[in-house]
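Below are the chains, spelled out letter by letter.
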Amino acid sequence: MSKKFQAFRVKEVAEKQFATSIESLSTDDLPAGDVLIKVHYSSLNFKDALSASGNKGVTRKFPHTPGIDAAGEVVESSNTAFKKGDKVLVTGFDLGMNTWGGMAEYIRVPAEWVVALPDGLGLRESMVYGTAGLTAGLSVYQLINQGINPDMGKIVVTGASGGVGSMAVAILGKLGFEVVAVTGKESAHDLLKSMGAKECVGRDTLNDESKRPLLKPLYAGAIDTVGGNMLATILKSLQYNGVATCCGLVNSPSLNTSVFPFILKGVRLIGIDSVECDIDLRKVIWNNFASDWKIDYPEGLIEEVKLEGLADKIASILKGQIAGRVVVSL
Ligand SMILES: NC(=O)c1ccc[n+]([C@@H]2O[C@H](COP(=O)([O-])OP(=O)(O)OC[C@H]3O[C@@H](n4cnc5c(N)ncnc54)[C@H](OP(=O)(O)O)[C@@H]3O)[C@@H](O)[C@H]2O)c1
């Protein structure tokens, strides 16, 4: 039986002009899929803001409902892997890109995208992590998988007050790593320290313009969320056999570097993708969040908004002004 529901919608009102509003839709309007989910929580990520502002690299077709993350309860499932009442979460794949997303009371998706909420993780808690947490989790997983451990030295995290960065700081801190948080917000230093950062430094610290091929080796590892010259500076500043992960581009999508960190220092650069990443690896990360990697993410870094409050938060995240995570309650 069809159900009416509220959704945060983006429309192209004139060429290259987009407007958002809250609209009433019917579950009959949703795309085909195996699993209908009543969404309890979503979360705001940088990509949602791009979708909501009409970025065609993220979303080609409008009108659209953004929201790359959703957590809630199964209402109907044609796939036997899920049944009515199961608590589940969906992040990435095409959700919120060209499939209507989690900023709505209902989504319908293929069963292959759905992860059963692990015991020990709440629905709201899962959206405090959201794609940002999954991306941070994948980044930490790759550092460890590449052999980096807390005895080897400092781990630097860029965009540290942002969604991915703050999650990475908290997970690394929980696992006993010495974390250097790079942030443009002095106001975030105390919170980042309370989450596990040993040291907070400004963005200028990692903006080398010297053109030297290598710099003083300061870090055993790095989780970079911003790209550009910051990532280039990190690659020059890693210790022998150091590992950097790269997931984002808020500083710049360009990476001007040389081969020297790689051929003289054995440096490794690992790309992180949370969108298409293997479902079994996702389950490993979500299970970690329900157990050994569970973090006490400070309530002070979580803003909870309803659909009505989203437009303001989207404007803020586009300006790099959000510290921490925005959870959307439905
Ligand atoms: N690969 C993937 O699967 C994946 C998944 C999720 C996100 N991402 C990408 O990862 C990046 C971070 O996402 P997010 O959700 O954490 O975004 P976010 O919450 O907006 O955080 C980004 C942070 O970067 C810093 N920043 C902003 N502008 C900057 C600039 N010009 N130079 C240097 N630092 C700057 C700010 O932190 P400070 O003020 O503390 O410096 C900001 O809070 C985005 O590019 C996003 O698209 C990729």
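Residues numbered from 1 in each chain as written. Predicted model: local features only at pLDDT ≥ 70, side-chain atom pairs only at ≥ 80, totals over all residues.

Focus: the overall build of the protein chain
- Regarding its fold elements, the protein chain presents 8 helices and 15 strands.
- Radius of gyration (C-alpha) of the protein chain: 20 Å, near the 20 Å computed for a compact globule of 330 residues.
- Principal-axis analysis of the C-alpha atoms gives the protein chain an extent of 65 × 45 × 35 Å.
- A total of 330 residues make up the protein chain; the buried ones form 47% of that total.
- When contacts within the protein chain are restricted to residue pairs at least 6 apart in sequence, long-range pairs at least 24 apart make up 69% of them. (Helix = DSSP H or I, 4+ residues; strand = E, 2+ residues; numbered from the N terminus. Rg over C-alpha atoms; globule rule 2.2 N^0.38 Å. Buried ≥ 20, exposed ≤ 12 C-beta atoms within 10 Å, placed from the backbone. Contact = placed C-beta atoms within 7 Å.)

Some words on the site of the ligand
- Taken together, 33 residues lie near the ligand, and Gly159, Ser161, Gly162, Thr183 and Gly248 sit nearest.
- Those elements giving two or more residues to the shell around the ligand turn out to be α1 (46-52), α2 (123-145) and α3 (163-174).
- Built from parts of two domains, the shell around the ligand gets at least three residues from each of domain 1 (4-117 + 298-329) and domain 2 (132-271). (Near = placed C-beta within 6 Å. Domains from an automatic or database assignment.)

Focus: the domain arrangement of the protein chain
- Taken domain by domain, the protein chain holds domain 1 (4-117 + 298-329) and domain 2 (132-271).
- In this assembly, 10 residues from domain 1 lie in contact with 11 residues from domain 2.
- Across the side of domain 1 that touches domain 2, the residue classes tally to 4 nonpolar, 5 polar and 1 charged. (Nonpolar A, V, L, I, M, F, W, Y, C, P; charged D, E, K, R; others polar.)

Observations regarding the packing of α2 against helix α7 (residues 279-290)
- Two elements in contact, α2 and α7, have axes separated by 10 Å at closest approach and are oriented at 100 degrees. The pairing of α2 with α7 is recorded here as roughly perpendicular in orientation. In contact with Tyr129, Gly133, Leu134, Gly137, Leu138 and Tyr141 of α2, α7 contributes Arg282, Ile285, Asn288 and Phe289.
- Grouping the amino acids of the contact of α2 with α7 by side-chain chemistry returns 6 nonpolar, 3 polar and 1 charged. (Axes fitted to C-alpha atoms, helices over the stretch in contact; angles between N-to-C directions. Parallel < 35°, antiparallel > 145°, perpendicular 65-115°, else oblique.)

Structural notes on the sheet that holds strand β10 (residues 197-201)
- Pairing in this open sheet of 6 strands is parallel, and the strands run β10-β9-β8-β11-β12-β13 from one edge to the other. Pairing within the sheet leaves two strands with one partner each, and these edge strands are β10 and β13 (268-271). With strand direction ignored, the average angle separating the axes of adjacent strands in the sheet is 20 degrees.
- Where helix α5 (residues 228-237) meets the sheet, its contacts fall on β8 (154-157), β11 (219-224), β12 (238-246) and β13, and the angle it forms with β12 comes to roughly 155 degrees. (Pairing = 2+ DSSP bridges.)

Remarks on α7
- For α7, which comprises 12 residues, the first-to-last C-alpha distance of 16 Å matches the rise-based estimate of 16 Å (1.5 Å per residue) to within 8%.
- Of all the positions in α7, only Ile285, Trp286 and Phe289 are classed as buried. In an axial view of α7, the angular spread of the buried residues amounts to 95 degrees, which keeps them on one side of the axis. In this structure, α7 carries Asp280 and Val284 as exposed residues pointing more than 90 degrees from its buried face.
- Buried residues in α7 make contact with β7 (115-116) and α2. (Expected span 1.5 Å × (residues − 1). Arc of directions from axis to C-beta.)

Here we look at unusual backbone geometry
- Residue proline 63 is bonded to the preceding phenylalanine 62 through a cis peptide linkage, with omega at 0 degrees.
- Tracing the backbone shows proline 63 in the loop between α1 and β4 (69-77).
- For lysine 211, which is not a glycine, the phi torsion comes out positive at approximately 70 degrees.
- Inspection of the secondary structure assignment puts lysine 211 in the loop between β10 and β11.
- You can call lysine 211 exposed: it has 6 C-beta atoms within 10 Å.

Points about the packing of α2 against α3
- Their axes nearest at 8 Å, the elements α2 and α3 cross at an angle of 50 degrees. On the basis of the axis angle, α2 is oblique to α3. Along this stretch, α2 crosses α3, giving a crossing that reads as right-handed. In this structure, α2 uses Tyr129, Ala132, Gly133, Thr135, Ala136, Gly137, Ser139 and Val140 to contact α3, whose residues at the interface are Gly163, Val164, Met167, Ala168, Ile171 and Leu172.
- Partitioned by chemical class, the residues of the contact of α2 with α3 number 9 nonpolar, 5 polar and no charged. (Left-handed = near helix turned anticlockwise from the far one by under 90°.)

Side note on α5
- Most of α5 is tucked away: 8 of the 10 residues are buried.
- When we look at burial in α5, the residues that qualify are Met230, Leu231, Ala232, Thr233, Ile234, Leu235, Lys236 and Ser237.

A word on the nonpolar core
- Judged by nonpolar contacts, the single largest core of 100 residues is most densely connected at Ile107, Ile155, Val157, Ala168, Val169 and Ala181.
- Examining the composition of this core, we find that 9 residues originate from one element, α2, more than from any other.
- With residues up to four places along the chain from it excluded, the contact list for valine 169 reads Val157, Ala160, Val179, Ala181, Leu192, Met195, Gly196 and Ala197. (Core = buried A, V, L, I, M, F, W, Y, C linked by C-beta atoms within 7 Å.)

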